[in-house]
Amino acid sequence: MQTSADHHDYAELRGRLLVAVRRLAPSSMADQVEDLVQTGILRILATYASDDVPNALLYRIAHSVVVDEIRRSRRRNEIGLTPSMPERLEARQPTPEGTARGTQLGDVVVDCLGELSPDRRRVVTLYLQGHGVPDIAGLLGLERKQTENLVYRGMKDLRGALSERGFAP
Amino acid sequence: MTDDELRAAFRNVRFPVLAGEPLAASLIWDAVHGELSPERTAAVVDRVAADPEAALSWRLAMALGDGRIRGR
């Protein structure tokens, strides 16, 4: 009898997960990507291999399982070395020379996002995540022109806030 | 600083110490794929702006979805 495990191409799913996590995760996770994805695939197989799971749902499940694995791994302190808040704040201070393009730039970007008005912060967050204007407008229920303006003004605000912290263009 | 450099920086935020309840992966998936109201999506995006783990979960949902925003 053919099971859904035969229908689904788990090798393809594993490959797609590996590419996505490698490309999108912070560099601090690089050493753990293979294990995270492999553990996630094994959990999916153990739970759903005998069920008739539509492919679209399988990717939703895979997303949930991989995110859960990342959280589990963080709890085990295996990834994302978690500096204390004082360490993080110290690391965020720009050097006297103003070298702003280090790995701490991302932390400062998050701080600066918090200073934007809510509507600008949301569109800029989605823009930084890789969405285009049409997607952002659709997700937030905005007009396209309004969204363009919010992205433009929000990115300008973000650069201004970065500049105030010594992270000049 | 180019848009791409800022995107790369946002992707490389270090995870802070775990605190509080994480955002459900299913909620993020639904938000990414346009299955929540704009108001609920805005609430999820507010978390994504401040929480690197939620931001990573969002990016993974984008990468694993079919690329279409449904429901609008």
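Everything below is about the structure shown above.
Per-chain numbering applies: the sequence of each chain, read as written, is numbered from 1 onward. Labels are handed out in written order, letters beginning with A for the chains and numbers beginning with 1 for the ligands. The predicted origin of the model limits local features to residues at a pLDDT of at least 70 and limits the giving and counting of side-chain atom pairs to 80 or more, whereas totals for whole chains, interfaces and linings rest on all residues. Side-chain metrics rest on all non-hydrogen atoms present in the structure, leaving aside hydrogens and water.

### Focus: the overall build of chain A
Next up, step 1: What counts as a helix is a DSSP run of H or I of at least four residues, what counts as a strand is a run of E of at least two, and both are numbered from the N terminus. Across its full length, chain A carries nine helices and zero strands.
Next up, step 2: Beginning at the N terminus, the succession of helices and strands in chain A can be written as α-α-α-α-α-α-α-α-α.
Next up, step 3: Counting across all 169 residues of chain A, residues that qualify as buried make up 43%.
Next up, step 4: Here a residue-residue contact requires only that any non-hydrogen atoms of the pair lie within 4.5 Å. Within chain A, contacts between residues at least 6 apart in sequence are counted, and of these 62% link residues at least 24 apart.
Next up, step 5: Element-wise, carbon and sulfur atoms account for 50% of the exposed surface of chain A, whose accessible area totals about 8900 Å². Relative accessible area decides the class of each residue, using a 1.4 Å probe on protein chains only: under 20% of the type maximum gives buried, over 50% gives exposed, and in between gives partly exposed. Computed with the Shrake-Rupley method and a 1.4 Å probe, the accessible areas treat only the protein chains shown as cover for residues.

### Digging into helix α8 (residues 133–140) of chain A
Next up, step 1: Most of α8 of chain A is tucked away, with six of its eight residues classed as buried.
Next up, step 2: Along α8 of chain A, the residues classified as buried are Val133, Ile136, Ala137, Gly138, Leu139 and Leu140 of chain A.
Next up, step 3: Considering only its buried residues, α8 of chain A is in contact with α7 (118–128) and α9 (144–164) of chain A together with α2 (25–32), α3 (38–50) and α4 (52–64) of chain B.
Next up, step 4: At the C-terminal side of α8 of chain A, Gly141 of chain A shows a positive phi close to 65°.

### Topic: helix α2 (residues 10–24) of chain A
Next up, step 1: One fewer than the residue count of a helix, multiplied by 1.5 Å, yields its expected span. The end-to-end C-alpha separation of α2 of chain A is 21 Å, in line with the 21 Å expected for 15 residues at 1.5 Å each.
Next up, step 2: Taken together, the buried positions of α2 of chain A are Tyr10, Leu13, Leu17, Leu18, Ala20, Val21 and Leu24 of chain A.

### Digging into the packing of α2 of chain B against α3 of chain B
Residues and elements named next belong to chain B.
Next up, step 1: Helix axes are fitted to C-alpha atoms over the stretch in contact, other axes to C-alpha atoms as well, and angles between N-to-C directions run from 0 to 180 degrees. The geometry of α2 relative to α3 is characterised by a closest axis approach of 10 Å and an angle of 120° between their N-to-C directions. Between α2 and α3, the angle falls in the class oblique. The two elements α2 and α3 cross, and the hand of that crossing is left-handed. Facing α2, whose interface residues are Leu27, Ile28 and Ala31, α3 presents Arg40, Thr41 and Val44.
Next up, step 2: All residues other than Ala, Val, Leu, Ile, Met, Phe, Trp, Tyr, Cys, Pro, Asp, Glu, Lys and Arg, Gly among them, are scored as polar; the first ten of these are nonpolar and the last four charged. The class makeup of the residues in the contact of α2 with α3 is four nonpolar, one polar and one charged. Small angles under 35 degrees read as roughly parallel and large ones over 145 as roughly antiparallel, with 65 to 115 read as roughly perpendicular and the rest as oblique. Each crossing gets its handedness from the near helix: less than a right angle anticlockwise from the far helix is left-handed, clockwise is right-handed.

### A short note on the pattern of salt bridges
Residues and elements named next belong to chain A.
Next up, step 1: Put simply, a salt bridge is a Lys or Arg side-chain nitrogen that is within 4 Å of an Asp or Glu carboxyl oxygen. Within this structure, the stated rule accounts for 17 salt bridges over all chains.
Next up, step 2: Note that Glu148 is salt-bridged to Arg144, the shortest N-O span being 3.8 Å. In this pair, Glu148 and Arg144 both sit in helix α9, four residues apart, roughly one turn of the helix.

### Things to note about the interface of chain B and chain A
Next up, step 1: Between chain B and chain A, the residue contacts involve 48 residues of the former and 56 residues of the latter.
Next up, step 2: Carbon and sulfur atoms make up 62% of the surface buried where chain B meets chain A, a total of about 5000 Å² over both sides.
Next up, step 3: For the interface between chain B and chain A, the tally reads five salt bridges.
Next up, step 4: With a shortest N-O distance of 3.4 Å, Asp46 of chain B and Arg121 of chain A are connected by a salt bridge.
Next up, step 5: The definition of a polar contact used here is a pair of N or O atoms within 3.5 Å, where within protein one atom must be able to donate a hydrogen and the other to accept one, and adjacent residues in sequence count solely through side-chain atom pairs. The interface formed by chain B and chain A contains 17 residue pairs in polar contact (both at pLDDT 80 or more).
Next up, step 6: Of all the secondary structure elements, the ones that give two or more residues to the side of chain B that touches chain A are α1 (3–11), α2, α3 and α4 of chain B.
Next up, step 7: By residue class, the composition of the side of chain B that touches chain A is 30 nonpolar, seven polar and 11 charged. Here the quantity called buried area is the accessible surface, traced with a 1.4 Å probe, that two parts lose on coming together, added over both.

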